[in-house]
Amino acid sequence: MTAWIIAGIIIFILAIVLFIPLGIGARYEEGVFVIVKIAFFSVKQPFEMKPKDKGGEKKKKKEKKPKEEKEPGKELERGAVGLDFILELLGDFRRFVRKKIALEDFELTIEIGTSDAAATAIGTGALWGLSYNLLALLDKLVEVKEPKIDIKPSYNELTFSIAAQGIIVTRAAYIIAVAAVFAVKYLRYRHKNKMQKGVK
């Protein structure tokens, strides 16, 4: 009886871990912020690029090895097989993404002003159209949940500012499933290559 209880608890914990919503996203508003989301909790941290240290160790010059001559026919054939594998994988990935990945908390706010009322109105209308075209494109790739778009005209000053945010949300079980499908397809691709070489 105790073993069944322990097994039930383990299965329950695994189910929570595998199917709890996980998300990663970004927000741009006078700086870039990275957002990590687990279930209903989210953490936002500023993203800063560290400058590279140019005064560090001197790079050692590597001896150039003579290039091996490659047969063009074999290279083209190998490239064609690799392209078929990539296209097949992308097709499966696209079908999977639309069902299993969502874009949440999508917000786009643009403020535009040209100091000319007519030009500002035209620019605002153009940005509304462009924003909804972008949203339609995103919706073909992933499920976009409750998007918020706001284009603010400023008729009395010259200004342009953008604030945007989006979080890509999925579940650990789906990530594992994608990795497994990719591994199986890659192994089949390797096996197919070996078989073709063996025939020749």
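First things first, this report covers the structure right here in the doc.

Procedures and definitions
- Residues numbered from 1 in each chain as written.
- Predicted model: local features only at pLDDT ≥ 70, side-chain atom pairs only at ≥ 80, totals over all residues.
- Heavy atoms only, no water.
- Phe/Tyr/Trp six-rings, centres within 6.5 Å; stacked < 30°, edge-to-face > 60°.
- Helix = DSSP H or I, 4+ residues; strand = E, 2+ residues; numbered from the N terminus.
- Buried < 20%, exposed > 50% of the residue type's maximum accessible area, 1.4 Å probe, protein only.
- Lys NZ or Arg CZ within 6 Å of the ring centre and 35° of its normal.
- Salt bridge = Lys/Arg side-chain N within 4 Å of Asp/Glu carboxyl O.
- Contact = heavy atoms within 4.5 Å.
- Core = buried A, V, L, I, M, F, W, Y, C linked by side-chain atoms within 4.5 Å.
- Expected span 1.5 Å × (residues − 1).
- Polar contact = N/O pair within 3.5 Å; in protein donor to acceptor, adjacent residues only side chain to side chain.
- Pairing = 2+ DSSP bridges.

What follows is about the packing of aromatic side chains. In the structure shown here, the tally under the stated rule is one aromatic pair. Ring centres 5.9 Å apart and planes at 15 degrees place the aromatic pair Trp128 and Tyr132 in the stacked group. Taken together, the residues span about one helical turn, with Trp128 and Tyr132 both in helix H3 (residues 117–141) at a distance of four residues. Exposure remark for Tyr132: the relative accessible area of 46% places this residue in the partly exposed category. When the ring centre of Phe33 is taken as origin, the NZ or CZ atom of Lys44, which lies over that ring, is 5.2 Å away.

Now for the pattern of salt bridges. Applying the stated criterion across every chain, the model contains five salt bridges. As a salt-bridge pair, Arg27 and Glu107 come within 3.6 Å of each other at their nearest N and O atoms. Here the residue Arg27 occupies a position in strand S1 (residues 21–28), and Glu107 occupies one in strand S4 (residues 102–114), the gap between them amounting to 80 residues. Using a relative accessible area of 14% as the deciding quantity, one classes Arg27 as buried.

Turning next to the environment of Val36. Following the sequence through the fold, Val36 ends up in strand S2 (residues 32–38). A relative accessible area of 40% means that Val36 is categorised as partly exposed. Sequence-wise, Val36 and Ile168 are 132 residues apart; in three dimensions their C-alpha atoms are separated by 9.6 Å. Here Val36 is in contact with Gly23, Phe41, Ser42 and Val43, once residues within four sequence places are set aside.

Core analysis: the biggest nonpolar cluster contains twelve residues, these being Ile101, Leu103, Phe106, Leu108, Ile110, Ile112, Leu127, Leu135, Val142, Val144, Ile149 and Ile151. Secondary structure elements with two or more residues in this core: S4, H3 and strand S6 (148–153). Each residue touching Ile112, except ones within four places of it in the same chain, is listed here: Thr120, Gly123, Thr124, Leu127, Ile151, Lys152, Pro153, Ser154, Thr159 and Phe160.

Another aspect to go through is H3. Each turn of an α-helix holds 3.6 residues, which means side chains three or four residues apart point in the same direction. A rise of 1.5 Å per residue sets the reference length of H3, with its 25 residues, at 36 Å; its end C-alpha atoms lie 37 Å apart and thus fit the reference within 8%. The complete set of buried residues in H3 reads Thr120, Gly123, Thr124, Leu127, Ser131 and Leu135. Tucked into the core, H3 has its buried residues touching S4, strand S5 (143–144), S6 and strand S7 (158–171). Near the N-terminus of H3, the side chain that reaches the backbone nitrogen of Ala118, with its oxygen 3.3 Å away, is that of Asp116.

On to unusual backbone geometry, then. Residue Asp105 is not a glycine yet carries a positive backbone phi of 50 degrees. With respect to the secondary-structure elements, Asp105 resides in strand S4. The phi dihedral of Glu146 is positive, around 45 degrees, even though this residue is not glycine. Considering the arrangement of structural elements, one finds Glu146 in the loop between S5 and S6.

For the rest of this paragraph, the subject is the pairing of S1. A regular strand carries its side chains on alternate faces of the sheet. Summarising the sheet, S1 and S7 pair through eight bridges and their orientation is antiparallel. What sits directly across from Arg27, in S7, is Gln165. As defined by bridge partners, S1 adjoins S2 across seven bridges and the pair is classed as antiparallel. Looking at S2, one finds that Gly23 is bridged to Lys37. Hairpin remark: S1 followed by S2, antiparallel, with three residues in the connecting loop; positive phi at Glu30, about 55 degrees.

That's the geometry; what it means functionally is another story.
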